[in-house]
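Structural description and commentary
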Amino acid sequence: MIRNNFIKRHNGPTASDAEKMLKVIGVASQEQLVDEIIAPEIRLPKDLNIGEGMNEYEVISHLKAIGAKNKQFRTYIGLGYYNTITPGVIMRNILENPGWYTSYTPYQAEISQGRLEALLNFQTVISELTAMPLANASLLDEGTAAAEAMLMFWHSRSRAQVKAGVKKFFVADDVFPQSIEVIKTRAHFQGIEVEVAPVEKFDCSEQYFGILLQCPGQFGEIVDNRAKVAQVAVAADLLSLTLITPPGEWGADVVLGSNQRFGLPMGFGGPHAGYFATTEAYKRDMPGRIIGISVDALGNPAYRLALQTREQHIKRERATSNICTAQALLAIMSGFYALYHGPEGLIEIAHHINCLAGPLNWPSSA
């Protein structure tokens, strides 16, 4: 009995193919080939103890048995991770559809028009919610987006700031802790000094090249930061922007955050796409990809990857970011989530959450 019947379906060399290749190479067996080309000091002295192989049915049954041991509880941690509802139509037709989840990067625009249109829809949703003119097609997560905003401000310092050695970046102390840790790690290797303190202590002096705020903060507080005059990045909750004044209307240079609020499952902590929106002044320096509308050879509207000046397609020393990927599937899901509910539906959800949060914030002494 052949236990691992996947071997019969594997599109690889047959036994006769392997024998012919060994003959051409001039060795008697695969073991001899390995002995001749791999130094013994880097090889394990014995085979890995990984057990006997399983077929597809056995693997699925095994994984289901392991998964059944998990206990699902409602989380109240917050900090950018919230219980959400993924509409069934999006779950079945996007998240569980290999036509969407197996695709990586839409390099071949001629066969990726649907995905490019879905990503453009996501960008449009982000621009409208943040009141910013430009949004990219997502980043890895909120922490990464925050670090990228810091680095973009770092590279955008004025000549006077560079000459004066300005290297301080201010982070409000109510920014999510995981974002602060990512920022500190990225700053360390650039020689950037990160100052974490209450936003009231920020004095807008020339010693800082930028500031990061959280809105609402990790404790739910919404602060009016219209008076800040430095390069300002705001990590904002997408759903809250349906009710409060978006940072783009009070002068923010970058608005960033997580899309998890927009119908993305918790996923045991991830992944969750990040969003990044900015002004025209930074369009050549912003990280990630931007989808745009162009015209094809026949004069018809067509979607394409419009700006990738930070991507792996150019010389590394000319890139302004090391971000070369996105969470396209999750960004597309968030875009469709917004389409599914529409503006009125999103506002209704935000009102509902706000009403539920009220009793939780009620003073314990009352």
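One structure accompanies this document, and this report is about it.

Conventions we followed
Residues numbered from 1 in each chain as written. Predicted model: local features only at pLDDT ≥ 70, side-chain atom pairs only at ≥ 80, totals over all residues. Heavy atoms only, no water. Helix = DSSP H or I, 4+ residues; strand = E, 2+ residues; numbered from the N terminus. Contact = heavy atoms within 4.5 Å. Pairing = 2+ DSSP bridges. Salt bridge = Lys/Arg side-chain N within 4 Å of Asp/Glu carboxyl O. Buried < 20%, exposed > 50% of the residue type's maximum accessible area, 1.4 Å probe, protein only. 1 Å grid on protein atoms, 1.4 Å probe; cavity = no way out; pocket = protein on both sides within 12 Å on 5 of 7 lines; lining within 4 Å. Points joined across faces, edges and corners; volume = space filled by probe spheres on them. Expected span 1.5 Å × (residues − 1). Polar contact = N/O pair within 3.5 Å; in protein donor to acceptor, adjacent residues only side chain to side chain. Nonpolar A, V, L, I, M, F, W, Y, C, P; charged D, E, K, R; others polar.

Our next topic: the overall build of the protein chain. Within the protein chain, the regular secondary structure consists of eleven helices and nine strands. Here the analysis covers contacts within the protein chain between residues at least 6 apart in sequence; of these, 67% occur between residues at least 24 apart.

So, on to the pairing of strand β3 (residues 193-197). Along any regular strand, the residues point their side chains to alternate faces of the sheet. Of the strand pairs in this sheet, strand β2 (residues 168-172) and β3 are connected by five bridges, and their pairing is parallel. Its bridge partner lying in β3, Phe170 is registered against Glu195.

On to the pattern of salt bridges. Using the criterion set out here, one finds six salt bridges in the structure. Here Arg92 and Glu96 are joined by a salt bridge, their closest N and O atoms 4.0 Å apart. For Glu96, a relative accessible area of 42% gives the class partly exposed. Residue Asp237 pairs with Arg261 through a salt bridge whose shortest N-O separation is 2.8 Å. Of this pair, Asp237 sits in the loop between β5 (232-236) and β6 (254-258) while Arg261 sits in the loop between β6 and β7 (274-278), and the two are 24 residues apart along the sequence. There is no split in this pair, since Asp237 and Arg261 are both buried.

A word on the layout of surface pockets. The space that makes up the largest pocket amounts to roughly 1,500 Å³. Around the largest pocket, the lining comprises 45 residues; the ones closest to its centre are Tyr82, Arg261, Ile353, Asn354 and Ala357. Elements with a contribution of two residues or more to the lining of the largest pocket: β5 and α11 (328-360). The leading source of residues in the lining of the largest pocket is α11, at twelve residues.

Between its first and last C-alpha, helix α7 (residues 113-130) extends 26 Å over 18 residues, near the 26 Å set by a 1.5 Å rise per residue. Within α7, 13 of the 18 residues are buried, which leaves it mostly tucked inside the rest of the structure. Backbone geometry just after α7 places Ala131 at a positive phi near 60 degrees.

The next point concerns the side chain of Thr144. Positionally, Thr144 belongs in helix α8 (residues 142-155). A distance of 2.6 Å separates a polar atom in the side chain of Thr144 from a polar atom in the side chain of Asp141.

A few words now on empty space enclosed by the protein. Across all of its chains, the model carries one cavity of 30 Å³ or more by this definition. Surrounding the largest cavity, Tyr104, Thr105, Pro106, Arg115, Leu119, Ala137, Arg289, Ala326 and Ala328 form its lining. The class makeup of the residues in the lining of the largest cavity is six nonpolar, one polar and two charged.

Shape is all these values report; function is a separate question.
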